[in-house]
Amino acid sequence: MEGKLPTSPLKNTHRKISKTSLEKKEARDAWIMMSPAIIILLLIAVYPIIRTFWISLHEMVLTDPSSGYPFIGLENYVKIFNDQRAMDSIIFTLKFTVVTVFFELLLGFGAALLMNKAFIGRGFVRASILVPWAIPTTVSALMWKFIYNDQYGLFNDILTRFHVIDSYQAWLSSSSGSFMALVITDVWKTAPFIALLTLAGLQMIPKELYESAKIDGANKFQIFLNITLPLVKYTVIVALLFRTLDAFRVFELITVMTGGANRTESLSVYAYNNLMKFLDFGYGSAMSMLIFGVVFLISLIYMKALGSKLTDF
Amino acid sequence: MESKGVFIFKNTLFYALVLLFLVALLMPFVWQFLTSIKPLTEIAAIPAKWFPSEINVDFYKNVFTKHPFARYLLNSFIVSLATTILSILVGASAAYALARLRFKGKTIMLMAILSISMFPTISTISPLYLILKNLNLLNTYAGLIIPYITFALPLSIWLLTNFFSQLPKGFEDAATIDGCSRAGIFFRIMLPLIKPATFSVALLVFINSWNEYIYALTFMTKDEMRTVPVGIALFPSNYELPWGDMAAASVVVTVPLILLVLIFQKNIISGLTSGGVKE
């Protein structure tokens, strides 16, 4: 538009006006069409978050209404850092997030590379991958809890049959055993999801790139490093984002499998206990705002890494 | 060129890896299924008895007689279906605006919606609990559908925006020249074009709602209003762990989900990957 010389000043003004009025109409239509969604999200997502923050600044134990729920500023937040149980849950959550995401990425990526080859039964494998993903976490947690059972669980049975261990172990009654059991269950459930996303990314890489690299004499390792890896980087970052956020919020897996016993209480579980068991809404809200803050920070970091790729419609 | 021997070895190794992967994926279900049809004495056998000597269906009967499991299934179905329909109805019009119309603040809107989809459930649960309690909506279907919209709507908008943006450019212009209004373009041209994608989104939203746990646990405190994931998780009492019942219940919910996944795997995969993978 700018490159063109106006033929007559009058015509140019006319065009300018009609264009802006059209644009204005389009923008107005857009806001009208988005308004139901915006209103709903403001009411049931944004307002509750603000309200949680506001509650977190008060001493609000529902079992003690006589206190009048006074405003206490950041005291609830300070309390978190003086509460050993809270600190333990933070450490557990961080450990769980790092370990599970690491193994999920490793196994998911490996499985995706495997499935990217053409082989008999690939469609079946690809469909089976969806199965752990589709099952409610509580159900898969129950299934695995039975597998880890100290007497008639499959885990003990297989490990003794293959002489990995001499006698049956009570996996879920020690801290390290519980941690391992939780990690294995989470990896089983979600590594397939990473595999699926990565596979989709791999399949979008043009075949010609590989062919020309082969002609140029690149070996398999070089091809992987210089073509495959940079081109699926974006997909892997997205998968990593989803997984990190989910792992950090881990809740039902823990409530069902260990109930938070043996030092496996995650921050979400402890926050939930404060809110709904002890009815300490002030302290529980401070803790859930901490979770919100960390999740928000993680997503900001990832969005920064992804840049404009996220919203280039 | 590699020799024939090496080729066969590599091939065998490859299929062995694939097989190992499949076994690891499916083993828990197979084990759970075998448990659900074993006689009670064989569940507790040491060493474990992998295959039952006779088929026992008592646990399946228990699921429906000792627990209101049929009711749980119905609750989950109603709530998930309503959430899906609502979030797609509201989401589609927002997604169309985001994908096809020009206006200022689009990037901010998209980022805001993405951030809302990442809100941890735990961070909104106490105000929602208070609101629903004041509106007398605890233990009602609406009391679960409303909170579910918080994750279903951002997901629908995000995925549908992706699908809308893939439609060829120029549809709107041609329709405008033909004298079609914005509403006409949306309802008569764009929505029908995106129908198959809408189905993918619906499946994802439905499965997510079906599997949700924290809201359902908190807002549905009456036994007959519980959903499937919460119902199953509360099978164990303080005194006993009814492994057989839990195994049978798991099979009952898992089988429909597996069938859903197998039948609609293409739609599900396209929905999942369009959220995460773009060209």
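Residues numbered from 1 in each chain as written. Chains lettered and ligands numbered in written order. Predicted model: local features only at pLDDT ≥ 70, side-chain atom pairs only at ≥ 80, totals over all residues. Heavy atoms only, no water.

The name an unreviewed UniProt entry gives chain B is Carbohydrate ABC transporter permease, with Metabacillus endolithicus as the organism. Turning to chain B, the UniProt record has this under Sequence similarities (unreviewed entry): "Belongs to the binding-protein-dependent transport system permease family." Its UniProt record gives chain B a comment under Subcellular location (unreviewed entry), which states: "Cell membrane". (UniProt positions renumbered as here; feature names shortened; annotations may be inferred.)

Identification of chain A as Carbohydrate ABC transporter permease from Metabacillus endolithicus is taken from an unreviewed UniProt entry. One UniProt comment on chain A, placed under Sequence similarities (unreviewed entry), says "Belongs to the binding-protein-dependent transport system permease family." A UniProt comment under Subcellular location (unreviewed entry) is attached to chain A, and it reads "Cell membrane".

Draft legend 1. Focus on the UniProt feature "transmembrane region" (unreviewed entry) in chain B. Residues and elements named next belong to chain B. Those residues carrying the UniProt feature "transmembrane region" (unreviewed entry) are residues 12–31, 72–98, 110–132, 144–164, 185–207 and 246–264 in this numbering. For the annotated span residues 110–132, helix accounts for 70% and strand for 0% of the residues, and the straight-line distance between the end C-alpha atoms is 28 Å. Measuring from the first to the last C-alpha atom of residues 246–264 gives 27 Å, for a span that is 95% helix and 0% strand. (Helix = DSSP H or I, 4+ residues; strand = E, 2+ residues; numbered from the N terminus.)

Draft legend 2. Region of interest: empty space enclosed by the protein. One pass over the full model with this rule turns up three cavities of 30 Å³ or more. There is about 1,400 Å³ of room inside the largest cavity. Those elements that provide at least two residues to the lining of the largest cavity are α7 (175–203), α9 (220–248) and α10 (252–257) of chain A together with α5 (106–117), α7 (142–165), α10 (195–211), α11 (214–219) and α14 (265–276) of chain B. With six residues, α7 of chain B is the largest single contributor of residues to the lining of the largest cavity. When the residues that make up the lining of the largest cavity are grouped by side-chain class, the tally is 28 nonpolar, 12 polar and seven charged. (1 Å grid on protein atoms, 1.4 Å probe; cavity = no way out; pocket = protein on both sides within 12 Å on 5 of 7 lines; lining within 4 Å. Points joined across faces, edges and corners; volume = space filled by probe spheres on them. Nonpolar A, V, L, I, M, F, W, Y, C, P; charged D, E, K, R; others polar.)

Draft legend 3. Region of interest: the packing of aromatic side chains. Inspection of every chain in the model, using the stated rule, returns 36 aromatic pairs over all chains. A ring pair is formed by Phe-92 of chain A and Phe-179 of chain A, whose centres lie 5.9 Å apart and whose planes are at 85°; its orientation type is edge-to-face. With Phe-92 of chain A in helix α3 (residues 84–115) and Phe-179 of chain A in helix α7, this residue pair connects regions lying 87 residues apart in the sequence. Each member of the aromatic cluster is reached from another via a ring pair, and the members are Trp-144, Tyr-148, Phe-155, Trp-171 and Trp-188 of chain A together with Phe-29 of chain B. The positively charged end of Lys-79 of chain A is found above the aromatic ring belonging to Tyr-283 of chain A, 4.0 Å away from the centroid. (Phe/Tyr/Trp six-rings, centres within 6.5 Å; stacked < 30°, edge-to-face > 60°. Lys NZ or Arg CZ within 6 Å of the ring centre and 35° of its normal.)

Draft legend 4. Structural detail: the layout of surface pockets. Approximately 1,300 Å³ is the volume found for the largest pocket. Where the lining of the largest pocket is concerned, the elements lending two or more residues are α3, α7, α8 (207–215) and α9 of chain A together with α1 (4–36) of chain B. Sorting elements by how many residues they give to the lining of the largest pocket places α1 of chain B first, with six residues. Of the residues belonging to the lining of the largest pocket, the class tally is 13 nonpolar, five polar and eight charged.

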